[in-house]
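Observations on the three-dimensional arrangement
The residues making up each chain are set out below.
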Amino acid sequence: MERSNLIRTMEGILGEPGVIHEREQLRTYECDGLMNYRVIPDLVVLPETAEQVQSIVKVCYEEGIPFVARGSGTGLSGGALPVESGLLIVMSRMRRIIEVDLENLRMVVEPGVINLWVTNEVAPEGYYYAPDPASQSVSSIGGNLAENSGGVHCLKYGFTTNHVMGAEIVLADGTMVNVGGGKAPDAPGYELLGAFVGSEGTLGIATKITLRLMRKPESVRTLLAAFEDTEEAGGAVSGIIGAGIIPAAIEMMDRLTLEAVEKTVKPGFPDANAVLIVELDGPEDEVASQFDKVEKICEDSKASEIRIAESDDQRALFWKGRKAAFGAMGSVANDYYVQDAVVPRTELGAVLKKIDNLSEEYGLRVANVFHAGDGNLHPLVLYDNDVEGEAKRAEDLAGAIVFACLDHGGSLTGEHGIGEDKKKYMPKMFTDEDMDTMQLLRCAFDPHHLCNPGKIFPTPRLCGERPGPFKMHPLQKAGLVEQF
Amino acid sequence: METKKVDTHGLQNIVGDENIREATEDDAIDGIRPSLVVEPGSAEETSEVLKFARSEGLAVSPRGGGTKMGWGNPPRAADIVLSLSRMNEVIEHVPGDQVVRVRAGAKLSYVQQTLFRENQMIALDPPYPDATVGGVIASNDSGPRRYKYNTVRDLIIGTTVVLADGTIAKSGGKVVKNVAGYDFGKLFAGSLGTLGVIVEANFRLHPLPESARTVAVEVGSYEAAQGAAHAVVHSQVEPTAVELHWDGDKKLVSVLLESIPEGVEAKEELAHVLLKPFGEVRTLNDDEYDDLGPVPRPSGGNGEVAVKLSAPPAELASTMEIVLGAAERRGVKARLRGHAATAIVFAGLSGGEGSIAEVVEEAREIMVRRGGSVVVREAPESFKTKVDAWGPAGDHLALSRALKDKFDAAGTLNPGRFIGGI
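To start, this report covers the structure provided alongside it. (Residues numbered from 1 in each chain as written. Chains lettered and ligands numbered in written order. Predicted model: local features only at pLDDT ≥ 70, side-chain atom pairs only at ≥ 80, totals over all residues. Heavy atoms only, no water.)

A closer look at unusual backbone geometry
Even without being glycine, leucine 105 of chain A reaches a positive phi, approximately 50°. Relative to the elements of secondary structure, leucine 105 of chain A occurs in the loop between strand S5 (97-101) and strand S6 (106-109). Even without glycine at this site, glutamine 98 of chain B takes up a positive phi of about 50°. Its location among the elements puts glutamine 98 of chain B in the loop between strand S5 (90-94) and strand S6 (99-103). (Helix = DSSP H or I, 4+ residues; strand = E, 2+ residues; numbered from the N terminus.)

Here's what the structure looks like:
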């Protein structure tokens, strides 16, 4: 289809304000939260209803046009990076809360609804939505679903996938299906919802999502403990987990991170080489007793200082310091590269040491801030883009850190996703058979590779279908894929 | 139904003579007696067995402990039972990581015993003591503690599967937090062996609770049962399980409370207060706990048909009414056990087979319309020819069929037992 024709067709579905086609405006959407990769989409469309999404996708299917869905664009792996000659379907106008059903502890929302709105909606009644990625004030539920977002509290409460009960999905051929039941548990059939959540937008577009709500815990206690080094702080983490305590969160920040947040949001953290924030929640007596234990464990691990949040404001200040960590890096370096990788908790000490060595070897500073409870590291590689070769060196170092994590039995990513950024690393973690098998799933959902093509897998494979309504896939034409 | 005569030579070369035997009546699946039981010792042998079966056009039924072979519809064919009982080790348990890796043929109860020594557990408590890890995953079985810990899909962090064409593939890993690649662990949960054979699984673990109390309330009506469950769930007592018992004179809701010793009493006190409006409340002693605790539920046998009803939690009372009313009108005897807070009700139905079938069909018609489901769990073969085990598949049937087609185009694995004839 000619571009002008496509614009007219889309305007027919969405009206003129729902279609962006001027090059300057399109540039706004050329990347997501990961700015190293930029592609200007052919068109941006902004549907307001599920039916519109369906109509758009049907046109794409008939014309063989690849499409990418995007929520708020906060993703950190390029999952919402547009594809060339493709459509970017921006879901941010689908922002209705459709149903609040406290009796059944569920809420039905459109994908553009912002994560934090869900909790805000039910907080007055004493309920909340557990997944709380650091981006929660801007990131959308649809994006959270695609990435299976975590957050600081997932150690105890799990990830997005554990809090989604159902989804209405528009498949790549424009069919609409409901997966997961949504109302009642254990819908018979394949666990398609579990396969969909975390598929990084490659299996379809969610247009309606049922979320599980939780009753707020009776008591929340938070402490901050300072340590001589990250090893001692790590010892405290092991001690806490070893005591059979599952805190709502355990976060660690190293000296460089502490310096950066002190320069920006000024939380007044202790002057130390490592700081832990530990939060417990639950029934009051249980929390009180375990909190004493945690304090004792920190003392035994030679904490130089322990501060206990005495008010909600103080707790908020602790968390402000933690949540500002990424952004604060701008105060200690011109540029930084956010890495996301996972190691088994017992390997934390060894991996941190390796990161230190790598940092020295590459001559670049690395700030460490991470979810210590579940071994999810976020090393921030600091560099200066104006110094020739540093950007490349930073990327190489970030890669070397991930490989170190894999060597210790970890994973390429804990919560940011593979997306565009890490697909080249996938063969380090999975065999060809593993990835081919994963792509069978893709072939069932999207045999013509239209839905967010080119992400996750280094070698996308088509599915052996007879050519569909169109002749050759654009990726195939470009020599980027081979027939499966 | 005819089962094919299998040429055993090809299989002998793969697993050795001693690991093949002729199937007996005990190996039959809904009356269909396979030819052979084959026990591979590794993922590679499993792969070879499946390749052989596929090339010979034989149907394969994977089997763990064999406790749930009656689930699902009667298979269209079953030539080989692929038993995982030799693949039964705990591969790795690192207490500090709270992760365990096991081969799928390991009994869950055995794995748990190993973990208990380090005060840890896989937070799954399905009722069959002989069930294997692989079987629990494939059947997505769960127990009362699912209220707090959720189900297989939420606890599994990695899998190795063997597809019908012999491909050995893994997904996930041995860290709890991991979003690299697609997640088969979830996809295979509840797939009843129709997509591939699970040979290895990794789970996240939880600490064993230090102390527990079970507080129960006698309830006189469906509404009181629902009210009691609602009161507990919407409080801050954070129960581990909320169970329904409805069998003859035994009509109560029991609440399992787990915590540390310093926390359990406050929970117990609060539960008493919360449940008081709905009937007589008491904390169960150990003997009563054995009877009213988490495990027993109707599981078929002696002609009883075991059915699982699932509804939105706020419809527990009407769910009870639907099934008990339909049973009473037809002179069918019904006993219920269930997870009151999640509104999953297991009904044991006994009486005339035709009448039970009518009860199931009537309940299913209403429950499905309300967004729930009615699944026949265990029933005599004759019953299964009358009533579909799963009920309607919803609007994703075409997608589910496409999935089956991609993973097992030849229909080697458990043909016909799953939803929609898959």
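There's more to say after this.
Some thoughts on the pattern of salt bridges
Per the stated rule, a full pass over the model turns up 52 salt bridges over all chains. For the salt bridge of arginine 146 of chain B with aspartate 186 of chain A, the shortest nitrogen-to-oxygen distance reads 2.7 Å. With one member in each of two chains, arginine 146 of chain B in helix H5 (residues 146-149) and aspartate 186 of chain A in the loop between strand S9 (176-179) and helix H7 (192-196) form a pair that bridges those chains. Exposure remark for arginine 146 of chain B: the relative accessible area of 8% places this residue in the buried category. Note that arginine 369 of chain B and glutamate 365 of chain B form a salt bridge whose closest N and O atoms lie 3.2 Å from each other. Taken together, the residues arginine 369 of chain B and glutamate 365 of chain B, both in helix H12 (residues 353-369) and 4 residues apart, mark about one turn of the helix. Residue arginine 369 of chain B is classed as exposed on the basis of its relative accessible area, which comes to 57%. One network of salt bridges, in which partners are shared, links Glu89, Glu92, Arg101, Arg103, Lys174 and Glu200 of chain B. (Salt bridge = Lys/Arg side-chain N within 4 Å of Asp/Glu carboxyl O. Buried < 20%, exposed > 50% of the residue type's maximum accessible area, 1.4 Å probe, protein only.)

Focus on the packing of helix H13 (residues 348-362) of chain A against helix H14 (residues 390-407) of chain A
Residues and elements named next belong to chain A. For the pair H13 and H14, interaxial distance at closest approach is 10 Å and the crossing angle is 155°. The orientation of H13 with respect to H14, classified from their angle, is roughly antiparallel. Between H13 and H14 lies a crossing of right-handed hand. For the pair formed by H13 and H14, the contact residues are Val351, Lys354, Ile355, Leu358, Ser359 and Tyr362 on the first element and Arg393, Asp396, Leu397, Ala400, Ile401, Ala404, Cys405 and Asp407 on the second. Of the residues that constitute the contact of H13 with H14, the class distribution is 9 nonpolar, 1 polar and 4 charged. (Axes fitted to C-alpha atoms, helices over the stretch in contact; angles between N-to-C directions. Parallel < 35°, antiparallel > 145°, perpendicular 65-115°, else oblique. Left-handed = near helix turned anticlockwise from the far one by under 90°. Contact = heavy atoms within 4.5 Å. Nonpolar A, V, L, I, M, F, W, Y, C, P; charged D, E, K, R; others polar.)

Read these as geometric descriptors, not functional statements.
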